[in-house]
Amino acid sequence: MHVLGLDTTSSALTLGISNFAQINRYQTWDLGRDISIHLHDYLKDFLAPLSWSDLGWLVVAQGPGSFTGTRIGVVTARTLAQQLNIPLYGVSTLTAQAYAYASSLSKVHEDELIAVEYPGQRGSVYGSLFTWDASTQALSTYKPLQYVELEVWQHLLSTEKIHHHLYPDTVDPQGICQAMISLAHQRWQAGQQPTWQEILPYYGSLAASPPSR
């Protein structure tokens, strides 16, 4: 079984494909606003020599991130999952960043808090807190993804003992895509098989509900 990961939440396009054995490929292209123009060509070329029918499921970054980029990625992944009739997993970019960071370092100890933040608009910020269990390679949400004023986020951080503070450039895009695939694989193994209708982009509106993972 092969799986495809897709992240368009920034100005870069990152794709990953894995069969959890011999094949593990990741690549990033800085396309800027041309993502919508070239996405499908890059997808087709990156997938080769495999065909679409070789895919067992897909995973896409739901945001937070660029409004346009996030929408393009999620819509593309939903369309592919619908046409191929395969499960589609959605992963928060903050969750993927925390997982990529923690799983690559032996210095993240149990019960240490990992704070991940991403700048929003007009003095707002996306933020979430996580803990890491090194023995089981499991990431747990301590404080779920929220979109709040910067002062509110800073107050939250001041009330907690933060051991690791991550920003957008802390983890490279390919590391985030690899983490997305790993997180989705855990859900696959647990028997979860979400459909394309369940996956929606998270744009960061204060009135919107964030991704659950």
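Up top is the structure.
This report concerns the structure included in the present document. All figures in this text were calculated on a predicted structure; none of them were measured in a lab.

**Some details on the environment of Gln197**
- Position of Gln197 among the secondary structure elements: in the segment after helix H5 (173–189).
- Given a relative accessible area of 47%, Gln197 falls into the partly exposed group.
- Sequence-wise, Gln197 and Gln82 are 115 residues apart; in three dimensions their C-alpha atoms are separated by 8.5 Å.
- Within the structure, Gln197 has its side chain in polar contact with the side chain of Trp196 (distance 3.5 Å).

**Points about the pairing of strand E1 (residues 2–7)**
- For E1, the buried fraction is high: six of the six residues fall into the buried class.
- Burial along E1 is two-sided: the residues His2, Leu4 and Leu6 and Val3, Gly5 and Asp7 are all buried.
- Pairing analysis gives five bridges linking E1 to strand E4 (residues 55–63), with the strands arranged parallel. Residue pairing for E4: Leu6 is matched across the bridge by Val60.
- Pairing geometry for E1 and strand E2 (residues 12–18), over five bridges, is antiparallel. Paired with Asp7 across the bridge in E2 is Thr14.
- Linking E1 back to E2 in an antiparallel pair, the connection comprises four residues.

**Here we look at the packing of helix H1 (residues 35–47) against helix H2 (residues 67–84)**
- Put simply, H1 and H2 touch, their axes get as near as 11 Å, and they point 40 degrees apart. In terms of crossing hand, the pair formed by H1 and H2 is right-handed. Contacts between H1 and H2 pair Ile35, Ser36, Leu39, His40 and Leu43 from the former with Ile72, Thr76 and Leu80 from the latter.
- A per-class count over the contact of H1 with H2 returns five nonpolar, three polar and no charged.

**Concerning the sheet that holds E2**
- Reading across from one edge, E3-E2-E1-E4-E5 is the order of the five strands in this open sheet, with mixed pairing throughout. Pairing within the sheet leaves two strands with one partner each, and these edge strands are strand E3 (24–30) and strand E5 (88–92). When the angles between neighbouring strand axes are averaged without regard to direction, this sheet yields 15 degrees.
- Helix-sheet contacts for H1 involve E1, E2, E3 and E4, and the interaxial angle to E2 is about 20 degrees.
- Across the sheet, helix H3 (residues 93–103) lies against E4 and E5, angled at about 75 degrees from E5, the strand it touches most.

**Some thoughts on the environment of Tyr118**
- With respect to the helices and strands, the residue Tyr118 is situated in strand E6 (residues 113–119).
- Classification of Tyr118 by relative accessible area gives partly exposed; the value is 23%.
- Sequence separation between Tyr118 and Ala184 is 66 residues; the distance between their C-alpha atoms is 22 Å.
- Setting aside chain neighbours within four positions, we find Tyr118 in contact with Thr9, Pro64, Gly65, Ser66, Leu94, Val125, Tyr126 and Pro168.

**Some remarks on the side chain of His2**
- Within the secondary structure, His2 is located in strand E1.
- Taking relative accessible area as the criterion, His2 reaches 14% and is therefore assigned buried.
- The contacts of His2, once residues within four sequence positions are left out, are Ser18, Asn19, Ile23, Leu50, Asp54, Leu55, Gly56 and Trp57.

Rules behind the numbers
Residues numbered from 1 in each chain as written. Predicted model: local features only at pLDDT ≥ 70, side-chain atom pairs only at ≥ 80, totals over all residues. Heavy atoms only, no water. Helix = DSSP H or I, 4+ residues; strand = E, 2+ residues; numbered from the N terminus. Buried < 20%, exposed > 50% of the residue type's maximum accessible area, 1.4 Å probe, protein only. Polar contact = N/O pair within 3.5 Å; in protein donor to acceptor, adjacent residues only side chain to side chain. Pairing = 2+ DSSP bridges. Axes fitted to C-alpha atoms, helices over the stretch in contact; angles between N-to-C directions. Left-handed = near helix turned anticlockwise from the far one by under 90°. Contact = heavy atoms within 4.5 Å. Nonpolar A, V, L, I, M, F, W, Y, C, P; charged D, E, K, R; others polar.

In short, shape yes, function no, at least from these values alone.
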